[in-house]
Amino acid sequence: MRLLAAAARQPNTPHPLLAALRRLLSTATSSYCYDPTAQFLHPDHRRVLSLPASLRHDALLALARLLKTSPQCHLALHAVSGGSPYSSPLAARFAAASRLSASASALRPFAAILLAALLPAASADLLSWSSSSSSGCARARHGALRLALHAFLAAGMAAEALHVLARVRRSGNTPSLSALAALLRLLFRGGEVRAAWNVFEEMAARGPRPSLAIFNAMLLGFCHRGMLRLASGLLGVMENKFGVVPDACSYNILIKGHCVFGWSGDAFKLFEEMCTSGRDPTVVTYNILVDVLCHEGRMVEARKLFDEMAQVGIKANTITFNVLIDGYAKTGRMDEASTAYKEMIVRGLVPDSCTFNILAAGAYKFGHNAAQLLVHDCGMSGSHISAAEGLDVLVCRLCWDGRLDDAWELLHGAIEQGVPVSVAGFNALIAAYSKEGLHEAAFQLYRIMNKLGLAPSTHTFNYLIMGLCHQGRLDEAQLVLEHMVSKGYCLSTSFTIYLDASFREGDAVRALKCWDDMEKIGLRSDFIAFSAYVNGLCRLDYVNEAYQAFFEMTTRGLVPNNITYNSIISAFCRAGNMAEALKLQKQMRQSGLVPDVYTSNILIDGLCREGNLNMVDSLLLDMCSNGLIPDTVTYNTIINAYCRAKDMNGAMNFMNKMFAAGCEPDIFTYNIWMHSLCSNHMLNQAGKVLDELAARGCAPNSVTYNTLMDGICSDVLDRAMILTGRLIKMAFQPNTITLNVFLSHFCKQGFGKRALMWAEKLREDSFVFDDATRNIIDWAQREMENDPQASKEDIDRCLFLEFLMFMTYETMHNSRSSKATHVPTDKGFDPAGSNMMTILDTG
């Protein structure tokens, strides 16, 4: 194990994170809430099947009382769980579980889980036993059917549960509300909406009368599936038709559903309706609404709503602060995120692993010490956070540090030693693997999660989709997306990731289909989805379609931000429609947004493309008067425009302005200047610029070298030889473009035969040609056909080109030979079995 090897190399300086893991392992058992079912289940089932924490206390007391008073209880427990699967007949096991269930009502869920551990292998036997047991004793038969129903529900087997429910109805008995609520949740989770509605209709007709819990289960199921109209209609008939008064939970479910599917405006209308109807909002209500405002970047409104909580007497909890801190962190406002964190501590609230992860992500992205502040406060000792949360913190920290091997060893060691693990830790490592392109390792972790009985969250699938999209594997990403749709996951972010990736791959057809699919499944596009859609259309230069989407976005009440405005302004500039671009800048100001440096640079570039340099000067003055400082990109754009216009004095004037403003030129500035000098056959001045570049410590790049080489090949030989020597001395690194420069000059100067000879030599040595190389070779062949004798004039220039070509070839050849082949590992995971549907179906 690499982690242990590293520890062996540094025995006296253990890493504080690994020391923290040892403390977690030593205290992990204290964090468990004892589950009486665990000792009676096979090890493979312990993490999949467990008694709900709310029922454990009563079940444990009932079991202890029964063990003391009834010797038969020992026999029943042994019959159900002892020995091998075939040590006693299944019918005897079912009967023993039935006796446990009948002995105390608190043991019914316990007995159901013991039977669920035998499923699905014993499904047919359990169905047969439950319908024929006790030979006609109605009470015992009903008890058997009820036990079988709860066992199938605990095992997640909806079809079999429906079959048993039908038998309960035929026997004239009424199923319990708890069983029906569990069945509805299971059906909705599996996407069986029609079956869930049939169960609800049967309740309304035959009983038991739907309770508030049943209605809330229906509301939750409809909202998870995006059926917001049905959910709203159901809320309306609850009180009018059934006399069931919606509570705060009912409204919270609907408000959350509308926020998730992009209907935040309707969510706030529901909030107003909730308040006017006398249902007091809870902290959950405010958490949902603050979160959606933060998600849309409306931080001023989010903070105002956050402050309103205290005014109405609702105390913010850790989740509320996490939502607010996350909003600040994602918008780069880390100072305000740190202030909110300190406020959280002052109020006596304890940060959890989510708080750390939010601050760590912001700190790594924007450069801030907020994460260190939190680590210091928590002490990494587990005194404020549970073992599972502490493990999440450690795993996330290692992932942010890029130590993925150590993160996996940490997680793997925790699993082996019985430390409770959560989805958050897995998600952090899956995200890190996906970011590094290690998709096989990411899916292997997904499989391990399923094996441990941890249900993947929406974030889990989003990270998997993101990794596949970064690799360009959009077909596989689509399969993951379809799997999420079938399982009823929240899809807004998932579709946005896939949509953006489709545009980045230049696949407009796929992107537009994705956008249509969002509408078909009832997913109302939110601010982020619309922004990605507009940006993608602009990227592919679908200007009219982008503007229509932009207009629709504003009519829906979604306020575009600077990034969205900059995207569409840039698209209009590239299309040559400067009037519309300038109009959008004005509209941007009217909507309360302040155009930034990027906006000005986009407009300046558009005006420079048109050659409208007078208006460029005016825009530059306007930019400075608004407090915006021109950056290197601004000056480079203007200098390049003057150079293209062959106005060297104007270009030099802006170079001087650049230095006077304290704006340091970069390699692009020098390349622009050198290209202009070489184009005007001013190689002596180009050489001086090269000297200045070296004096300033600015390293030349391939563009610098190729620009000068192109100039050299067009200039007189004596100056060219001097400059060539200087380039070689500066460790000139040629590339394919360099070779194309030389081959094209052979053709320009009538040495097509030489160009073909060098091209053949390069091909034999496996050099990669691009389209430009192939076009040059075609040019040389045409010259040879038109002039078979090939010009033999200017032999000195031919020899000079031969010398340069030889030097370039040798440099490239040596560079290729010195490269070591390195194959990245996949962190020890087996990439076998990576068929997407096989992987997903394991969940």
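Going by what an unreviewed UniProt entry lists, the protein chain is known as Pentatricopeptide repeat-containing protein and is assigned to Urochloa decumbens.

Student: Lay out the overall build of the protein chain in plain terms, naming residues and giving numbers.
Tutor: Each helix and strand counted, the protein chain has 46 helices and zero strands in total. Relative to its full complement of 843 residues, the protein chain shows a buried share of 49%. For the protein chain, the share of sequence-separated contacts (at least 6 apart) that also reach a separation of at least 24 residues comes to 64%. Counting every atom, the protein chain has about 40,300 Å² of accessible surface; 55% of that belongs to carbon and sulfur.

Student: Now, about the environment of Ile667: what can you tell me, with residues and values included?
Tutor: Along the polypeptide, Ile667 turns up in helix α38 (residues 667–679). Under the relative-accessibility criterion, Ile667 is labelled buried at 13%. With sequence-adjacent residues up to four places away left out, Ile667 is seen in contact with Leu693, Cys698, Ala699, Pro700, Asn701 and Thr704.

Student: Tell me what's going on with the packing of aromatic side chains, and back it up with residues and numbers.
Tutor: Going through the model one piece at a time under the given rule, you end up with 17 aromatic pairs. A ring pair is formed by Tyr547 and Phe550, whose centres lie 6.3 Å apart and whose planes are at 25 degrees; its orientation type is stacked. Here the residue Tyr547 and the residue Phe550 both occupy positions in helix α31 (residues 543–555), the gap between them amounting to three residues, near one helical turn. A connected cluster of aromatic rings, assembled from ring pairs, spans Phe188, Trp197, Phe200, Phe215, Phe222 and Phe242. Lying across the ring of Phe654, Lys657 places its NZ or CZ 4.5 Å from the centre.

Student: Can you tell me about the packing of helix α12 (residues 212–224) against helix α13 (residues 228–242), naming the residues and giving the values?
Tutor: Axis separation between α12 and α13 bottoms out at 8 Å; the angle between their running directions is 165 degrees. If you check the angle between α12 and α13, you find them roughly antiparallel. The way α12 lies across α13 gives a crossing that is right-handed. Along its contact with α12, which presents Leu212, Phe215, Met218, Leu219, Phe222 and Cys223, the element α13 presents Leu228, Leu230, Ala231, Leu234, Leu235, Met238 and Phe242. Residue composition of the contact of α12 with α13, grouped by class: 13 nonpolar, no polar and no charged.

Student: Go over helix α24 (residues 423–435), please, and point to the residues and values.
Tutor: Look at α24: 18 Å from first C-alpha to last across 13 residues, which is about the 18 Å you get at 1.5 Å a residue. Summarising burial for α24: ten of the 13 residues are buried, a large majority. Considered for burial, the residues of α24 that qualify are Val423, Gly425, Phe426, Asn427, Ala428, Leu429, Ile430, Ala432, Tyr433 and Ser434. Immediately beyond the C-terminal end of α24, within one or two residues, lies Gly437, with a positive phi of roughly 80 degrees.

Student: Before we move on, can you summarise the side chain of Asn252 with the specific residues and values?
Tutor: In this structure, Asn252 sits in helix α14 (residues 248–260). Given a relative accessible area of 8%, Asn252 falls into the buried group. Engagement of the side chain of Asn252 in a polar contact is seen with the side chain of Thr285, the distance being 2.5 Å. Filtering out sequence-adjacent residues up to four positions away, Asn252 remains in contact with Met274, Thr282, Val284, Thr285 and Ile288.

Student: Break down the environment of Phe769 for me, with residues and values.
Tutor: Tracing the backbone shows Phe769 in the loop between α43 (752–764) and α44 (771–786). Residue Phe769 is classed as buried on the basis of its relative accessible area, which comes to 15%.

Student: If you had to explain helix α6 (residues 108–116) to someone new, which residues and values would you point to?
Tutor: Burial analysis of α6 places seven of its nine residues in the buried class, the great majority of the element. Among the residues of α6, those classed as buried are Phe110, Ala111, Ala112, Ile113, Leu114, Leu115 and Ala116.

Student: Outline the pattern of salt bridges, listing residues and values.
Tutor: Side chains that differ in charge, positive against negative, can pair when their charged atoms come close. Using the criterion set out here, one finds 20 salt bridges in the structure. Glu343 is paired through a salt bridge with Arg347; the nearest N and O atoms lie 2.8 Å apart. The class for Glu343 is partly exposed, based on a relative accessible area of 22%. The salt bridge partner of Asp517 is Lys513, with a shortest N-O separation of 3.0 Å. Placement of the pair is Asp517 and Lys513 together in helix α29 (residues 508–520), with a separation of four residues, close to one helical turn. Given the relative accessible area of 22%, Asp517 is considered partly exposed.

Student: Tell me what's going on with the confidence of the model for the protein chain, and back it up with residues and numbers.
Tutor: On average, residues of the protein chain score 79 in pLDDT, and 78% of them reach the 70 mark or higher. Confidence, read as mean pLDDT per element, is least for helix α1 (residues 2–9) in the protein chain (36) and greatest for helix α16 (residues 283–295) (93). Throughout residues 1–15 the model reports pLDDT below 50, and contacts reaching past four residues in sequence, or to other chains, amount to ten contacts. Scored below 50 in pLDDT, residues 819–834 makes 23 contacts in the model with residues more than four places away or belonging to other chains.

Student: Please give an account of unusual backbone geometry that cites residues and values.
Tutor: Trans peptide bonds make up the majority, and among non-glycine residues the majority have a negative phi. Put simply, Leu119 and Pro120 share a cis peptide bond, and its omega is 5 degrees. Within the element layout of this structure, Pro120 appears in the loop between α6 and α7 (123–132). Going from Gly207 to Pro208, the amide bond is cis rather than trans, its omega being -10 degrees. Relative to the helices and strands, Pro208 resides in the loop between α11 (193–206) and α12. Backbone geometry at Asp541 places phi at a positive 65 degrees, although glycine is not the residue there. As for its placement among the helices and strands, Asp541 is situated in the loop between α30 (527–539) and α31. Note on Asp541: relative accessible area 45%, which makes it partly exposed. For Lys646, which is not a glycine, the phi torsion comes out positive at approximately 60 degrees. Inspection of the secondary structure assignment puts Lys646 in the loop between α36 (632–644) and α37 (648–660). The class of Lys646 is exposed, set by a relative accessible area of 59%.

Cut-off values and rules
Residues numbered from 1 in each chain as written. Predicted model: local features only at pLDDT ≥ 70, side-chain atom pairs only at ≥ 80, totals over all residues. Heavy atoms only, no water. Helix = DSSP H or I, 4+ residues; strand = E, 2+ residues; numbered from the N terminus. Buried < 20%, exposed > 50% of the residue type's maximum accessible area, 1.4 Å probe, protein only. Contact = heavy atoms within 4.5 Å. Areas by Shrake-Rupley, 256 points an atom, 1.4 Å probe, with all protein chains shown as cover. Phe/Tyr/Trp six-rings, centres within 6.5 Å; stacked < 30°, edge-to-face > 60°. Lys NZ or Arg CZ within 6 Å of the ring centre and 35° of its normal. Axes fitted to C-alpha atoms, helices over the stretch in contact; angles between N-to-C directions. Parallel < 35°, antiparallel > 145°, perpendicular 65-115°, else oblique. Left-handed = near helix turned anticlockwise from the far one by under 90°. Nonpolar A, V, L, I, M, F, W, Y, C, P; charged D, E, K, R; others polar. Expected span 1.5 Å × (residues − 1). Polar contact = N/O pair within 3.5 Å; in protein donor to acceptor, adjacent residues only side chain to side chain. Salt bridge = Lys/Arg side-chain N within 4 Å of Asp/Glu carboxyl O. pLDDT = per-residue confidence, 0-100.

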